[in-house]
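Listed below, chain by chain, are the residues.
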Amino acid sequence: MKNSKKVTLISLSILVISIILFSLSFRKLERLYHVLTLFDEDKIAENFRSMDKHFPMKRMNPSFNPFYYGIGNQIELPETFTYQSKEFSTDSFLIGSKTTGLLILKNDEIVYEKYFLGNTPSTKNISWSMAKSFVATLVGIAHDDGHIENINDMADKYVPELVGTAYEGVTIKNILQMSSGVRFNEDYDDFFSDINRWGRAFALGSSQDEFATSLVRQRPQGIFNQYVSIDTHVLSMIVSRATGRSLTDYMNEKLWKPLGMEYDGYWTTDDSGTEVALCGLNATLRDFGKLGSLYLNNGRWRGRQIVSKEWIRMSVTATEKHLMPGKNNPRSAHELGYGYQWWIPEGSEGEFLAQGVYNQNIYVNPTKQLVIVKLSANNKFNDELHIPSRWQAALEFYRSIAAE
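Calculation criteria
- Residues numbered from 1 in each chain as written.
- Predicted model: local features only at pLDDT ≥ 70, side-chain atom pairs only at ≥ 80, totals over all residues.
- Heavy atoms only, no water.
- Helix = DSSP H or I, 4+ residues; strand = E, 2+ residues; numbered from the N terminus.
- Contact = heavy atoms within 4.5 Å.
- Expected span 1.5 Å × (residues − 1).
- Buried < 20%, exposed > 50% of the residue type's maximum accessible area, 1.4 Å probe, protein only.
- Phe/Tyr/Trp six-rings, centres within 6.5 Å; stacked < 30°, edge-to-face > 60°.
- Salt bridge = Lys/Arg side-chain N within 4 Å of Asp/Glu carboxyl O.
- Pairing = 2+ DSSP bridges.
- Axes fitted to C-alpha atoms, helices over the stretch in contact; angles between N-to-C directions.
- Left-handed = near helix turned anticlockwise from the far one by under 90°.
- Nonpolar A, V, L, I, M, F, W, Y, C, P; charged D, E, K, R; others polar.
- 1 Å grid on protein atoms, 1.4 Å probe; cavity = no way out; pocket = protein on both sides within 12 Å on 5 of 7 lines; lining within 4 Å.
- Points joined across faces, edges and corners; volume = space filled by probe spheres on them.

*Asks:* Is there a simple way to think about the environment of Leu176 in this case?
*Replies:* Position of Leu176 relative to the elements: it lies in helix H6 (residues 172-176). Residues Leu176 and Gly339, spaced 163 residues apart in sequence, show a C-alpha to C-alpha distance of 7.5 Å. Sequence-distant contacts of Leu176, that is, excluding residues within four places in its chain, are made with Ala136, Val139, Leu235, Trp311, Tyr338, Gly339, Tyr340 and Gln341.

*Asks:* Would you mind going over helix H11 (residues 285-296) with me for this structure?
*Replies:* Think of an α-helix as turning once every 3.6 residues; residues three or four places apart then point the same way. An ideal rise of 1.5 Å per residue puts 16 Å on 12 residues; H11 measures up with 17 Å between its terminal C-alpha atoms. Within H11, 12 of the 12 residues are buried, leaving the element largely enclosed by the surrounding structure. For H11, the set of buried residues is Leu285, Arg286, Asp287, Phe288, Gly289, Lys290, Leu291, Gly292, Ser293, Leu294, Tyr295 and Leu296. With its phi angle positive at about 55 degrees, Asn298 sits one or two positions after the end of H11.

*Asks:* Teacher, can you tell me more about unusual backbone geometry here?
*Replies:* A negative phi angle is the norm for most residues apart from glycine, just as the trans form is the norm for most peptide bonds. Even without being a glycine, Gln341 presents a positive backbone phi close to 65 degrees. The residue Gln369 is not glycine, and still its phi comes out positive at about 50 degrees. Judged by relative accessible area, Gln369 falls into the partly exposed class, the value being 29%.

*Asks:* I keep staring at the packing of aromatic side chains and nothing clicks. Help me out?
*Replies:* Each aromatic ring pair is described using two quantities: the centre-to-centre distance and the angle formed by the ring planes. Tallying each qualifying case throughout the model produces 28 aromatic pairs. With a centroid separation of 6.0 Å and 50 degrees between ring planes, the pair formed by Tyr83 and Phe88 is classed as tilted. Take Tyr83: its relative accessible area is 6%, and that puts it in the buried class. Between Tyr188 and Tyr358 the ring centres are 6.4 Å apart and the planes differ by 75 degrees, which places this aromatic pair in the edge-to-face class.

*Asks:* Would you explain the pattern of salt bridges in this entry?
*Replies:* Where charged atoms from two side chains of opposite charge approach closely, those side chains can pair. Within the structure shown, the criterion is met by 24 salt bridges. Linking Arg286 and Glu113 is a salt bridge whose minimum nitrogen-to-oxygen distance equals 2.7 Å. With a gap of 173 residues between them, Arg286 in helix H11 and Glu113 in strand S6 (residues 109-115) connect regions that are remote in the sequence. For Arg286, a relative accessible area of 17% puts it in the buried group. In this structure, Arg286 engages Glu262 in a salt bridge whose closest nitrogen and oxygen atoms are separated by 3.5 Å.

*Asks:* How should I be thinking about the sheet that holds strand S1 (residues 57-60) in this particular structure?
*Replies:* In any sheet, the strands associate via hydrogen bonds between backbone groups, in a parallel or an antiparallel arrangement. Strands sit in the order S1-S8-S9-S7 across an open sheet of four strands; the sheet is antiparallel. Either end of the sheet is taken by a strand with one partner, and the two such strands are S1 and strand S7 (125-126). When strand S8 (residues 265-268) meets strand S9 (residues 281-283), the two strands line up antiparallel, connected through two bridges. Bridged to Trp267 within S9 is Leu281. Helix-sheet contacts for H11 involve S7 and S9, and the interaxial angle to S9 is about 115 degrees.

*Asks:* Mind showing me how you'd approach the packing of helix H4 (residues 131-144) against helix H9 (residues 229-243) here?
*Replies:* Orientation of H4 relative to H9, taken along the N-to-C sense of each, is 30 degrees, at an axis distance of 10 Å. Handedness of the H4/H9 crossing: left-handed. Counting all contacts with H4, which are made through Lys132, Val135, Leu138, Val139 and Ala142, the residues of H9 involved are Ser229, Thr232, Leu235, Ser236, Val239 and Thr243. Considering only residue class, the contact of H4 with H9 consists of six nonpolar, four polar and one charged.

*Asks:* I keep staring at the pairing of strand S3 (residues 80-83) and nothing clicks. Help me out?
*Replies:* Sheet faces and side chains relate simply in a regular strand, where the side chains alternate between the two faces. Only one face of S3 is buried: it carries Phe81 and Tyr83, and the other face, with Thr80 and Thr82, is open. Where S3 meets strand S4 (residues 86-89), four bridges bridge the pair, whose relative direction is antiparallel. Paired with Tyr83 across the strands is Lys86, a residue of S4. In this antiparallel pair of consecutive strands, S3 and S4, the connection spans two residues, and Gln84 shows a positive phi of 55 degrees.

*Asks:* Help me understand the layout of surface pockets in this model?
*Replies:* It is a probe the size of a water molecule, rolled over the atoms, that shows where empty space is left. There is about 1,000 Å³ of room inside the largest pocket. Taken together, 27 residues make up the lining of the largest pocket; nearest its centre are Glu186, Tyr188, His334, Phe381 and Trp391. Where the lining of the largest pocket is concerned, the elements lending two or more residues are strand S14 (352-356), strand S15 (360-365) and helix H13 (391-403). Each residue belonging to the lining of the largest pocket can be placed in one class, and the counts come to eight nonpolar, 12 polar and seven charged. Of the volumes computed, that of the second largest pocket is approximately 540 Å³. Lining of the second largest pocket is provided by 26 residues; of these, Val35, Phe39, Tyr188, Asn196 and Tyr358 occupy positions nearest its centre. Those elements that place two or more of their residues in the lining of the second largest pocket are helix H1 (2-36) and helix H7 (194-203). Top element by residues in the lining of the second largest pocket is H7. It accounts for six residues. Taken together, the residues of the lining of the second largest pocket sort by class into 18 nonpolar, five polar and three charged.

What follows is the structure, given as C-alpha cells:
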C-alpha cells in the first residue's frame, strides 16, 4: 500500500513537472512565433502597440505632476515636399510609411497632432531604436550624478563581466558613439544576421547580458562608426551597475517623472528582468516628444536642469572624423553623422534625430524651435525601392515642415 502511494506521488510529480515544462516551452515557442510574425502587414500596427501582451516588462508610472503641452497656432502640413529633385505627396508619404502618429511641437506647443491605424493619444507604442537616445541620456545623468566618473573610463571598470570579451578596454565614449570596434551585422533581411540572431535568442528567453559577452572584436575602437545595437545594451549595463539600480527604476526617478510624463510607459525585458535597452521602450507619442523638448531646451525642463547642458551639446555634436555626416566618409558606414546615440544630418540648422527601425523618429531643429515625432508600423521598411521607407525622404519631409 505504501509503495502504491509512493508510485502515485512520483507519477503525479512527474506529471506536474511535465505540464510545467510543456507550459514553459509552449510560451517560449509562442513568443518566438510572435517575433517571427511581428512585422506581418496585417498585424504590425497592433503588435507595435501591444508588446506587453507577449513579453515580460517593467512599468514606469505616470508623473504625479504631469506636463501637458499647450496648444499653439495649428498648422496645415505642406501638400508636397521635394526629395531627390522630385515632388512627393505628403499624404502618400504618410500612408506609404504606415504612420500611426504624427506630432509637431513649435516652442513646446502642439501645432499639429494626428493619429492613424488605430493609435490614440494614450497608445503606448514601441520605440525601437529611439530608445537608444533615452539610454544615452541616462548615461549623462549618471555621469552628472557622479556614478560614472569619466566617459573615457573603460566599460569593464563598471561591468567586470565584460573582462575577456570584445568590450574589455573599450571606453564608454566610444560605445556611446557607436565606435566600439565590435563586429555586428545589423541586416534585418539576413536571417542569420546578429540582430536577427539576437531577436530569436531574446524570444526564447536568453540573457541579453550573456549575448553581449558573446560578440567579438572586428577593429580597433574609436576609428570607425558602425551601428552596433548591442553597444546600447552595454551602456544600460554600465548605468545599472554604476547606480546599483535597474534601468527602469533609475529612469523612472531621473527622467520619466521629471519630464512630467502623462501616461505610464514600460520597458520590455528578457526572462531575467533585464530591460531591452536597445529598442524596448514603450510610450505615447506626446511622451516621446518630451525627450526632444528636453534636448531642445539644453537639458532644462520646468525650471530644473535634468541633464547638463554640456552633455546635451556633446550628444548632438559630431566630434571626430569618423562621426562626421556625409556620403563619402570612408570612416563611417553611414551617411548621417553621430553623437551620443543621436543621428546628425548635414545642414546649417543644428538638426538631430532619434531613429527607430520601421520609421520611428524624434526630429529636433533648434533653429526653428521645432520637435517632430513620427511613429509608424511600416512593414515595407526594408524595401529600398519604397521611397516612403527611406530615412532621407523622412528628413526632407521634416525639413519641409520647418521651412513652412
